[in-house]
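Analysis of the macromolecular model
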Amino acid sequence: MNLHEYQGKEILASHGVRIQRGIVANSPDEAVAAAKQLTAETGTGWHVIKAQIHAGGRGKGGGVKLAKNLQQVEEIAGQIIGMDLITPQTPPTGKRVHKILVAEDVYYPGESETSEFYMSVLLNRGKGRNMIMYSTEGGMDIEEVAEHTPHLIFTEEIDPAVGLQGFQARRIAFNLGLSGNAFKEMTVFVAALYKAYIDSDASMFEINPVLKTSDNKILAVDAKVSIDDNALYRQKKYADMRDIREENPIEVEAKEVGLNYVDLDGTVGCMVNGAGLAMATMDLIKYAGFEPANFLDVGGTADAKRVETAFRIILKDENVKAILINIFGGIVRCDRVAQGVVDAYKNMGDTIKVPIIVRLQGTNAEIAKELIDNSGMPILSATLFQEAADQVKAALSK
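What you are looking at is a predicted structure, and each value in this text was computed from that prediction instead of being measured. (Residues numbered from 1 in each chain as written. Predicted model: local features only at pLDDT ≥ 70, side-chain atom pairs only at ≥ 80, totals over all residues. Heavy atoms only, no water.)

Secondary structure assignment for the chain yields 13 helices and 18 strands. Residues classed as buried in the chain amount to 49% of the 398 residues present. Just so you have it, the chain exposes about 18,800 Å², and 51% of that area is on carbon and sulfur atoms. (Helix = DSSP H or I, 4+ residues; strand = E, 2+ residues; numbered from the N terminus. Buried < 20%, exposed > 50% of the residue type's maximum accessible area, 1.4 Å probe, protein only. Areas by Shrake-Rupley, 256 points an atom, 1.4 Å probe, with all protein chains shown as cover.)

Here you go:
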């Protein structure tokens, strides 16, 4: 579950991480009021107006702007709220901005130059350990840094038996070239950041940039946070932060009815039982020369009602030109699934306007194929992977 910047900063602040302070606003009037409050509390004269969407690269799309007075705060807020913000991480149509964060200006002049760093905490799946990834090249896309200057990216792996150690936080501060008070501040920052990551059951905390201010303070200017969905049952306060307006509406609907659905960019809809088989089915579609339109796992109860629900969700994607149903009958019998497919097709009438290919293998697979073939429905049946791939290719080549 992704969070907005202001929500991620709330978690950070609650764990002792110094942040760029800000107030959320839903309208230009609220933005002006927020700016006045920030000035009173922090003394900031300028304000940064930030669009709140679940995507990076907001500044490149015009979603982050500096306001030097209250009139500019109102004008910029009016421009950003309601806009469809397009960034490298949004769909081509962009994402609608519903709220903004009015933040303090932290790039004030002082005794030293400001410096920007990159820092994230995430799981190194290859080694089964959390790691802190960091770089001196803050404010840039980390992918660009990795491609062109990989030697500027450092990692610190955390032993789960002992957690983050003091010497590791000091090594991070040293590798970032810090000294004096900034060095001490960074060690405190790193320890608090890692604690926030662990305590919130996050799958990622990304801070870009982490700023060394002109008076040698270390703070988070941004916060990109993802909470592990599997841990939300024990993180109720974070579960309430979910903003479904930022999520794919088809995925939201599928989740509400207990289906595991991920929207993709292809033309072949998939209906499969089991995540492993779903991945293999997507490979099958690509092998046939096409792209999967979705990942959909119906689970072990592929009855008529569930199949019909899955059909309706897949067909909400206008790019779907064919549907491949690939079921292995282990816990659930193939003939039961076949009857469910036939009944769902009958119930939906003319709603289904794309070819359907059904591959059933396992318990009662022969009976299931007979049910499909004798149903009188325009449903193509297959028993082998290659046969299913050929059926998909033939259906989409017409």
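Once that is clear, we can look at the nonpolar core. Judged by nonpolar contacts, the single largest core of 39 residues is most densely connected at L12, M119, I132, M186, F189 and F205. Those elements giving two or more residues to this core turn out to be α1 (5-14), β7 (115-124), β8 (129-135), α5 (166-175), α6 (180-199), β10 (202-212), β11 (218-220) and β12 (224-227). In terms of residues, this core owes the most to one element, α6, which gives nine residues. Apart from residues no more than four positions distant in its own chain, F205 is found in contact with G8, I11, L12, M119, S120, V121, L193, A196, Y197, S200, K224 and V225. Counting 35 residues, the second largest nonpolar core, distinct from the first, contains A293, I313, A338 and M348. (Core = buried A, V, L, I, M, F, W, Y, C linked by side-chain atoms within 4.5 Å. Contact = heavy atoms within 4.5 Å.)

The subject of this paragraph is the UniProt feature "binding site: Mg(2+)" (unreviewed entry) in the chain. Mapped onto the present numbering, the UniProt feature "binding site: Mg(2+)" (unreviewed entry) falls at N208 and D222. Along the polypeptide, N208 turns up in strand β10. Here G139 takes part through its backbone nitrogen, which lies 2.7 Å from a polar atom of the side chain of N208. Mapped onto the elements, D222 comes out in the loop between β11 and β12. Sequence-distant contacts of D222, defined by excluding residues within four places in its chain, comprise E5, K9, R58, E206, I207, N208 and P209. Of note is the side chain of D222, whose polar atom sits 3.1 Å from the side chain of R58. (UniProt positions renumbered as here; feature names shortened; annotations may be inferred. Polar contact = N/O pair within 3.5 Å; in protein donor to acceptor, adjacent residues only side chain to side chain.)

When helix α8 (residues 249-256) is considered as a whole, its buried residues turn out to be I250, V252 and A254. Two or three places before I250, at the opening of α8, N248 has a side-chain oxygen 2.8 Å from that residue's backbone nitrogen. Positive backbone phi, at 85 degrees, marks G258, one or two positions downstream of α8.

Where helix α11 (residues 334-348) contacts helix α12 (residues 365-373), the axes come no closer than 7 Å and their chain directions differ by 15 degrees. Here α11 is positioned roughly parallel relative to α12, judged by the angle of their axes. In terms of crossing hand, the pair formed by α11 and α12 is right-handed. For the pair α11 and α12, the contacting residues are C334, D335, A338, Q339, V341 and V342 in the first and A365, I367, A368, L371 and I372 in the second. Taken together, the residues of the contact of α11 with α12 break down into nine nonpolar, one polar and one charged. (Axes fitted to C-alpha atoms, helices over the stretch in contact; angles between N-to-C directions. Parallel < 35°, antiparallel > 145°, perpendicular 65-115°, else oblique. Left-handed = near helix turned anticlockwise from the far one by under 90°. Nonpolar A, V, L, I, M, F, W, Y, C, P; charged D, E, K, R; others polar.)

For the rest of this paragraph, the subject is a negative patch on the surface. Judged by side-chain charge, D29, E30, E74 and E75 come together as a negatively charged surface patch. Breaking the negative patch down by element, the ones donating at least two residues are α2 (28-42) and α3 (70-80). Positionally, E75 belongs in helix α3. (Patch = residues over 30% accessible without salt bridge, like charges linked within 9 Å, V, L, I, M, F, W, Y side chains within 5 Å. Salt bridge = Lys/Arg side-chain N within 4 Å of Asp/Glu carboxyl O. Lys, Arg positive; Asp, Glu negative; His and termini not counted. Charge placed at Lys NZ, Arg CZ, Asp CG, Glu CD.)

Time to look at the pattern of salt bridges. It is possible for side chains of opposite charge to pair when their charged atoms get near one another. Inspection of the entire model under this criterion finds 22 salt bridges. Where K50 meets E5, a salt bridge forms, and the shortest distance between an N and an O atom there is 3.0 Å. Of the two residues, K50 sits in strand β2 (residues 47-51) while E5 sits in helix α1, which places them 45 residues apart along the sequence. The same class applies to K50 and to E5, which are both buried. Here K95 makes a salt bridge to E246, at a shortest N to O gap of 3.7 Å. Here K95 is found in strand β5 (residues 95-96), whereas its partner E246 is found in the loop between α7 (236-239) and α8, with 151 residues between them in sequence.

Our focus in this paragraph is unusual backbone geometry. Residue P209 follows N208 across a cis peptide bond; omega there is 10 degrees. Here P209 lies in strand β10. Its identity is not glycine, yet D201 carries a phi of approximately 55 degrees, on the positive side. Mapped onto the fold, D201 is located in the loop between α6 and β10. Despite not being glycine, N216 has its phi angle at roughly 65 degrees, a positive value. Among the structural elements, N216 can be located in the loop between β10 and β11. You can call N216 buried: its relative accessible area is 17%.

Turning our attention to the domain arrangement of the chain. We note that the domain assignment places domain 1 (1-20 + 109-247), domain 2 (21-105) and domain 3 (249-397) within the chain. Between domain 2 and domain 3, the C-alpha centre-to-centre distance is 44 Å. (Domains from an automatic or database assignment.)

Moving on: the packing of aromatic side chains. Overall, the coordinates contain three aromatic pairs when judged by the stated rule. In this structure an aromatic cluster arises from ring pairing among Y194, Y197 and F205. (Phe/Tyr/Trp six-rings, centres within 6.5 Å; stacked < 30°, edge-to-face > 60°.)

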